[in-house]
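Single-letter residue listing:
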Amino acid sequence: MTQLVESVAIQDFPLWTRMKATRGLISFDLEATARCNNNCRHCYINLSAGDRDARSRELTLQEIGCIADQAVELGALWVLISGGEPLLREDFPEIYMLLKRKGLLVSVFTNATLVHDEHIALFKRYPPRDIEVTVYGATEETYERVTGRLGSFDAFTAGLNRLLECGVKVRLKAMAIRSNLHELEAIADFCRARTNDYFRFDPQLHLRFDGNEERNRLIKSERLTPEEVVALEMKDTQRLASLRKNCDILIDGSSSHAACDHLFHCGLGNSSFNVGFDGTFRLCSSLWAPGTTFDLRRGTLREAWKSFVPKVRDMRSRKPEYLENCRACPIVNLCLWCPAHAHLESGELDRPIDYFCRMAHARAAAIRGECPE
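Chemist: Explain the overall build of the chain here, please?
Modeler: The secondary structure content of the chain amounts to 16 helices and 11 strands. Taking all 373 residues of the chain together, 54% fall into the buried category.

In structure tokens, the structure reads:
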């Protein structure tokens, strides 16, 4: 489905040569940890910073190196280090340099609250492809309501300023949620004043990967209504321009797959994969359903990529409710629905989700009003 939208040698030959030769794997995401020093209201993965069990299950530096070697052999050019909060790992500099030495372009997702001198020196000497930071609020009150941690706003602004001052490429983004909706315009101004790159916001809140019911209720309480999401998108000049440009793609009966019973029609597992903090291989970061994950501590990445991925992508549905609705929907490209998200919402990969459906129809109504005749 369509989403709304170092100059370093790799192994023994140049990056451009490998890019031209690659016809499969391009990148992978490495969740270095599920632990985080914040406790954000909307977060789908975080465990406490001091969670000893989670820490004991984290991939070792040697295991990360082994996975990276296999990924490079399969054609990977780029890796994203994420979490949780990856800077919580004391060996983050070692992980970062290990991946750089494999010839990979390295990006980092961080909340910036833990950035210190060692990180700045590391990034200045060995620049990342980019560092992406989420801005939860433009004021201390809003930011800390979202993160649930006193002092996090000051730590965030100090860390972000250090990153910006050291000259690395920083991208800023925001989650559009109930707790910061009143401040989203100020958040956008905050971001655009600090970077020349694009600013984006994401209104899509995933439910918890661990199924925690209490946390899922909190996440749902932070979701904006479809009408609120559409109103935000219509105010954003960049998104609105993209919607106008792609009207014929976003509302198009040919995008549906009414004659096909395959579950997956997105790009998952075609050019990238995700590795969880404990070595769990997933075709994308949201796909946690039974039968769709592979343990890299018990098998090789090549087995996962060459044999397991095709089996998952060949999964099918026999459910009429799904085949006659979501699978045949002409506005499926406007929907938040996918098998991974459906499973997180309902425990089933092929169940239609009312909230996602309402989102698609609200976007379609708005886009039709913006599309040229």
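Chemist: Hey, could you run me through the pattern of salt bridges in this one?
Modeler: When their charged atoms lie close together, side chains carrying opposite charge are able to pair. For the structure on display, the rule yields 28 salt bridges. Note that Arg57 and Asp53 form a salt bridge whose closest N and O atoms lie 3.2 Å from each other. Asp53 gets classed as partly exposed once you look at its relative accessible area, which sits at 46%. Asp354 serves as the salt-bridge partner of Arg358, at 3.1 Å between the closest nitrogen and oxygen.

Chemist: I keep staring at the nonpolar core and nothing clicks. Help me out?
Modeler: It is characteristic of soluble globular proteins that their nonpolar side chains tend to be buried jointly. Among the nonpolar cores identified, the biggest contains 105 residues, and Leu30, Tyr96, Leu99, Phe156, Leu163, Phe273 and Phe281 are the most heavily contacted of them. If we ignore the near neighbours within four places in the chain, the residues touching Leu99 are Leu30, Ile64, Ala68, Val79, Ile81, Leu104 and Val106.

Chemist: When you look at the environment of Cys329 in this model, what are you seeing that I'm missing?
Modeler: Relative to the assigned elements, Cys329 resides in the loop between helix H14 (320-323) and helix H15 (339-346). Separated by 31 residues in sequence, Cys329 and Ala360 have C-alpha atoms that sit 9.9 Å apart.

Chemist: Got a minute to help me understand the environment of Leu296 in this structure?
Modeler: Tracing the backbone through its elements, the reader meets Leu296 in the loop between strand S11 (293-295) and helix H13 (301-313). Residue Leu296 is classed as buried on the basis of its relative accessible area, which comes to 13%. Separated by 17 residues in sequence, Leu296 and Gly279 have C-alpha atoms that sit 5.3 Å apart. Residues contacting Leu296, with those up to four places away along its chain left out, are Ile67, Val275, Gly279, Phe281, Leu301 and Ala304.

Chemist: Sorry, what's going on with unusual backbone geometry here?
Modeler: In terms of backbone geometry, most residues other than glycine have negative phi values and most peptide bonds are trans. Following Gly83, the chain continues to Gly84 via a peptide bond in cis, the omega torsion being 20 degrees. Its place among the elements puts Gly84 in the loop between strand S4 (78-82) and helix H4 (92-101). For Ala112, which is not a glycine, the phi torsion comes out positive at approximately 75 degrees. With respect to the secondary-structure elements, Ala112 resides in the loop between strand S5 (105-110) and helix H5 (117-125). Relative accessible area serves as the criterion here: at 0%, Ala112 is assigned to the buried category.

Chemist: Explain the sheet that holds S11 here, please?
Modeler: Two pairing modes exist for strands in a sheet, parallel and antiparallel, and in both the strands are linked by backbone hydrogen bonds. Strand order in this open sheet of nine strands is S8-S7-S6-S5-S4-S1-S9-S10-S11, and the pairing throughout is mixed. Each edge of the sheet is formed by a strand with only one pairing partner; in this case those strands are strand S8 (199-202) and S11. Sheet twist, expressed as the average angle between the axes of neighbouring strands with direction ignored, equals 25 degrees. The pairing of strand S9 (residues 272-275) with strand S10 (residues 280-282) spans two bridges and is antiparallel.

Chemist: What should I look at first to understand the pairing of S5 in this one?
Modeler: A regular strand places its side chains on the two faces of the sheet in alternate fashion. When you tally the buried positions in S5, you get five out of six residues, the bulk of the element. Where S4 meets S5, four bridges bridge the pair, whose relative direction is parallel. Within the sheet, the bridge partner assigned to Trp78 lies in S5 and is Leu105. Handedness of the β-α-β unit built from S4, H4 and S5 comes out right-handed. Direction of pairing for S5 relative to strand S6 (residues 130-134): parallel, over a ladder of four bridges. If you follow Thr110 over to S6, its bridge partner there is Val133. Crossover S5 to S6 through H5 is right-handed.

Chemist: What am I meant to see in the side chain of His262 here?
Modeler: By the secondary structure assignment, His262 is in the loop between helix H12 (247-250) and S9. Each residue touching His262, except ones within four places of it in the same chain, is listed here: Arg313, Asp314, Met315, Arg316, Tyr322 and Arg327.

Chemist: Would you take a moment to explain the packing of aromatic side chains for this structure?
Modeler: Any two aromatic rings considered together are summarised by their centre-to-centre distance and by the angle between their planes. This model, assessed by the stated rule, comprises 17 aromatic pairs. Aromatic side chains Tyr96 and Phe123 sit 5.4 Å apart centroid to centroid with 75 degrees between the ring planes, which places their arrangement in the edge-to-face category. Residue Tyr96 is found in helix H4, and its partner Phe123 is found in helix H5; the two are separated by 27 residues along the sequence. A residue is classified by how much of its surface remains accessible, and Tyr96, at 0% relative accessible area, is buried. A ring pair is formed by Tyr143 and Phe156, whose centres lie 4.8 Å apart and whose planes are at 20 degrees; its orientation type is stacked.

Criteria and thresholds
Residues numbered from 1 in each chain as written. Predicted model: local features only at pLDDT ≥ 70, side-chain atom pairs only at ≥ 80, totals over all residues. Heavy atoms only, no water. Helix = DSSP H or I, 4+ residues; strand = E, 2+ residues; numbered from the N terminus. Buried < 20%, exposed > 50% of the residue type's maximum accessible area, 1.4 Å probe, protein only. Salt bridge = Lys/Arg side-chain N within 4 Å of Asp/Glu carboxyl O. Core = buried A, V, L, I, M, F, W, Y, C linked by side-chain atoms within 4.5 Å. Contact = heavy atoms within 4.5 Å. Pairing = 2+ DSSP bridges. Axes fitted to C-alpha atoms, helices over the stretch in contact; angles between N-to-C directions. Right-handed = clockwise from strand over helix to strand, strands pointing away. Phe/Tyr/Trp six-rings, centres within 6.5 Å; stacked < 30°, edge-to-face > 60°.

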